[in-house]
Amino acid sequence: MSSRTLPLLFINLGGEMLYILDQRLRAQNIPADKAKKVMNDIITTMFNKKFLEELFKPQELYSKKALRTVFDRLAHASIMRLNQASMDKLYDLMTMAFKYQVLLCPRAKDILLVSFNHMDAIKDFVKDTPSILSQVDETYRQLIEMYTPLSSGEFQLIRQTLLIFFQDMHIRVSIFLKDKVQNSNGRFVLPTSGPVPHGTQVPGLIRIFSCTGEEFTRLKFNNGGNYTTALREGSFDIFGDRVTKLGTNMYSISRPVETHMSGTSKNSAQHTKVSAAPNPLAKEELNLLARLMGGLEVQKPGNTDTGFRINLFATDEEEEEALISRPDELSYGVINIQATKDQQANAELAKIMGEFTESGDQSPSVSNKGDDLLAMMDGL
């Protein structure tokens with residue numbers, strides 16, 4: 001498992017989240033000033049210096065539940081609110097979109113180009129806000145510094161880690177189904193055509209060499225596809241043509257997007273139950289989550305009248321039906337963290353939770369067992 005996968009996972013999922021929210025804000029005719037505030041607040045929180053410091057520390061990936069908790073707080077970092085069903089759908093769309101992009105990457109290293117496409121779009125969202133723009137540019141520099149020196153093998157390890165993370169997620173998405181890139185069981189259809197990876201040749205030829213290195217035989221075979229020569233390599237600089245379209249906004253053309261549980265959801269649910277069982281990494285996972293959440297500066301609207309709700313479904317009735325019909329095993333519940341059970345063993349976690357209680361007059365007490373992290377964040 002690669003220890004440098006988390007920043008790429010977060011940035012790409014975050015980019016997809018912003019695409020979806022931007023599309024919904026436009027579709028629901030939210031006033032431009034409020035929509036801009038939502039995007040600015042979320043991006044400011046995403047690229048918070050303290051948060052990114054924790055994110056870029058080499059560490060293994062943890063559960064989907066932990067990451068979902070972070071994105072739940074991130075989506076509510078402004079005056080916008082989502083009900084649980086809409087948040088579930090948002091997360092499903094984010095994860096399935098990025099899973100498809102990872103599967104389609106011709107080379108493992110192209111995942112970095114996908115990340116830069118997301119970063120380019122995020123930068124465009126805040127192009128009129130210099131203070132936030134500087135935060136995004138700093139993250140560009142960190143990405144370039146950390147990932148461009150990596151070898152092809154290290155990128156392959158990152159890709160494999162991402163695919164393991166996504167392997168049991170088979171949510172059907174209407175856009176993918178209509179474009180026939182996803183089957184009715186939620187599994188993606190990979191193409192056998194198009195340009196081959198940069199630095200490789202179109203398959204179909206076997207060359208046999210002698211002991212002296214001279215070619216003496218050529219054999220041709222049917223490659224079973226319609227491949228073309230490789231495109232030029234995309235730019236890994238802050239500014240440049242990424243060449244690949246993976247990671248760009250697939251919602252730029254307005255069309256409804258629906259998600260459906262696949263026919264394999266029962267098996268996925270059973271796997272989720274197994275995954276949720278206690279394991280030796282549970283303590284480290286909670287420590288990771290607490291550190292990440294400690295960097296999220298979630299804003300609470302000063303006037304409740306200024307807040308508004310976004311619905312990712314066509315109607316409120318559809319949203320309510322989706323919430324009821326979604327299997328409990330596939331919903332992401334609240335993660336409870338007990339800081340006082342063993343304060344010596346959880347010294348760092350207790351310290352972070354102590355900081356939470358000092359940040360507001362009505363913050364929950366650390367001495368109360370079972371206080372959950374989301375409730376503490378509401379006290380910020």
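Just so you know, the residues in each chain are numbered from 1, in the order the chain's sequence is written. Note on the predicted model: pLDDT of at least 70 is required for a residue's local features to be given, and 80 or more for side-chain atom pairs to be given and counted; whole-chain, interface and lining totals, by contrast, use all residues. Heavy atoms from the whole structure form the basis of all side-chain values; hydrogens and water molecules are not counted.

## So, the overall build of the chain
A count of helical and extended segments in the chain gives 14 helices and eight strands. Partly exposed residues are those whose accessible area sits between 20% and 50% of the maximum for their type, while under 20% is buried and over 50% is exposed, using a 1.4 Å probe and protein chains only. Here the chain, with 380 residues, has 47% of them falling under the buried criterion. Any two residues whose heavy atoms approach within 4.5 Å at even a single point are treated as in contact. Considering only contacts within the chain whose residues lie at least 6 apart along the sequence, 78% involve residues at least 24 apart. Under the scheme used here, helices are H or I runs from DSSP no shorter than 4 residues and strands are E runs no shorter than 2 residues, and both carry numbers assigned from the N terminus.

## Notes on unusual backbone geometry
Positive phi, normally seen in glycine, also occurs at N29, with a value near 55°. Located in the positive-phi region is V243, a residue other than glycine, with phi close to 70°.

## Observations regarding helix α4 (residues 64–75)
Every helix has an expected span of 1.5 Å times one less than the residues it contains. The end-to-end C-alpha separation of α4 is 16 Å, in line with the 16 Å expected for 12 residues at 1.5 Å each. Among the 12 residues that make up α4, 10 are buried, leaving the element largely enclosed by the rest of the structure. Among all positions in α4, only A66, L67, R68, T69, V70, F71, D72, R73, L74 and A75 are buried.

## Some thoughts on the environment of F125
Tracing the chain through its elements places F125 in helix α6 (residues 110–125). When the C-alpha positions of F125 and L18 are compared, they lie 9.0 Å apart, and in sequence the two are 107 residues distant.

## Details of helix α8 (residues 152–166)
The end-to-end C-alpha separation of α8 is 21 Å, in line with the 21 Å expected for 15 residues at 1.5 Å each. Looking only at α8, the buried set comprises F155, I158, R159, T161, L162, L163, F165 and F166.

## A look at the confidence of the model for the chain
Detail in the predicted coordinates should be disregarded across regions flagged by low pLDDT. Per-residue pLDDT for the chain averages 78, and the proportion of residues at 70 or more is 70%. Every residue is assigned a pLDDT by the predictor, reflecting its confidence on a scale from 0 to 100. At the low end of the mean pLDDT range in the chain sits helix α10 (residues 265–275), at 39; at the high end sits α6, at 96. Overall, residues 263–281 carries pLDDT values under 50, and its contacts beyond four positions in sequence, including any with other chains, amount to 14 contacts. In the model, residues 333–346 has pLDDT below 50 throughout and makes 28 contacts with residues more than four positions away in sequence or in other chains.

## What about the pattern of salt bridges?
One side-chain nitrogen of Lys or Arg within 4 Å of one carboxyl oxygen of Asp or Glu is enough to make a salt bridge. Considering all chains together, one arrives at 15 salt bridges under this definition. Here D41 and K37 are joined by a salt bridge, their closest N and O atoms 3.0 Å apart. Taken together, the residues span about one helical turn, with D41 and K37 both in helix α2 (residues 32–46) at a distance of four residues. Residue D41 is classed as buried on the basis of its relative accessible area, which comes to 10%. Across the pair E215 and R218 runs a salt bridge whose closest N-O atoms are separated by 2.4 Å. Taking the relative accessible area as the measure of exposure, R218 reaches 52% and is therefore exposed.

## Remarks on the nonpolar core
Counting residues in hydrophobic clusters, the biggest one holds 81 residues, and the most contacted among them are L9, F10, M17, I42, L90, Y147 and F176. For this core, the element with the highest residue contribution is helix α1 (residues 6–27), accounting for 12 residues. With sequence-adjacent residues up to four places away left out, L9 is seen in contact with L61, L67, F98, L162, F165 and F166. Within this scheme, the nonpolar core is defined by two criteria: the residues are buried Ala, Val, Leu, Ile, Met, Phe, Trp, Tyr or Cys, and they are joined through side-chain atoms within 4.5 Å.

## Comments concerning a nonpolar patch on the surface
What goes into a patch is any residue over 30% in relative accessible area without a salt bridge, connected to like charges within 9 Å or, for nonpolar side chains (Val, Leu, Ile, Met, Phe, Trp, Tyr), within 5 Å. Exposure was quantified through the Shrake-Rupley algorithm and a 1.4 Å probe, taking into account, for residues, occlusion by the shown protein chains and nothing else. Together, I206, I208, F216, L219 and F221 line one region of the surface with nonpolar side chains, adding up to about 460 Å² of accessible area. Elements with a contribution of two residues or more to the nonpolar patch: β4 (205–209) and β5 (215–220). Mapped onto the fold, F216 is located in strand β5.

## Digging into the packing of α2 against helix α7 (residues 130–147)
Helix axes are fitted only over the stretch in contact, all axes being lines through C-alpha atoms; the angle between N-to-C directions runs from 0 to 180 degrees. For the pair α2 and α7, interaxial distance at closest approach is 10 Å and the crossing angle is 40°. The orientation of α2 relative to α7 falls into the category oblique. Between α2 and α7 lies a crossing whose hand is left-handed. Of the residues in α7, those in contact with N40, I43 and T44 of α2 are I132, Q135 and V136. Note that the term roughly parallel is reserved for angles under 35 degrees, roughly antiparallel for angles over 145, roughly perpendicular for angles of 65 to 115, and oblique for everything else. If you view the pair so one helix is near and one far, a crossing is left-handed when the near helix is turned anticlockwise from the far one by less than a right angle, and right-handed when it is turned clockwise.

## A short note on the packing of aromatic side chains
Note on aromatic contacts: the rings of Phe and Tyr and the six-membered ring of Trp form a pair at centre separations within 6.5 Å, being stacked when their planes are under 30 degrees apart, edge-to-face when over 60 apart, and tilted otherwise. Counting across every chain of the model gives nine aromatic pairs. With a centroid separation of 5.2 Å and an interplanar angle of 80°, the aromatic rings of F165 and F166 are classed as edge-to-face. No difference in accessibility class separates F165 from F166, as the two residues are buried. Aromatic ring contacts, followed pair by pair, group F10, F51, F71 and Y91 into a single cluster.

## Some remarks on the pairing of β4
For a regular strand, side-chain orientation follows a simple rule: the groups alternate between the two sheet faces. Inspection of the sheet shows β4 paired to β5 by five bridges, in the antiparallel sense. Across the sheet, residue R207 finds its bridge partner in β5, namely R218. Strands are treated as partners if at least two bridges between them are detected by DSSP. The turn joining β4 and β5, which pair antiparallel and follow one another in sequence, is formed by five residues; a positive phi near 90° is taken by G213.

## Observations concerning the environment of M46
Tracing the sequence through the fold places M46 in helix α2. Other than its neighbours up to four places away in sequence, M46 contacts F10, G14, L18, F51, L52, L74 and I122.

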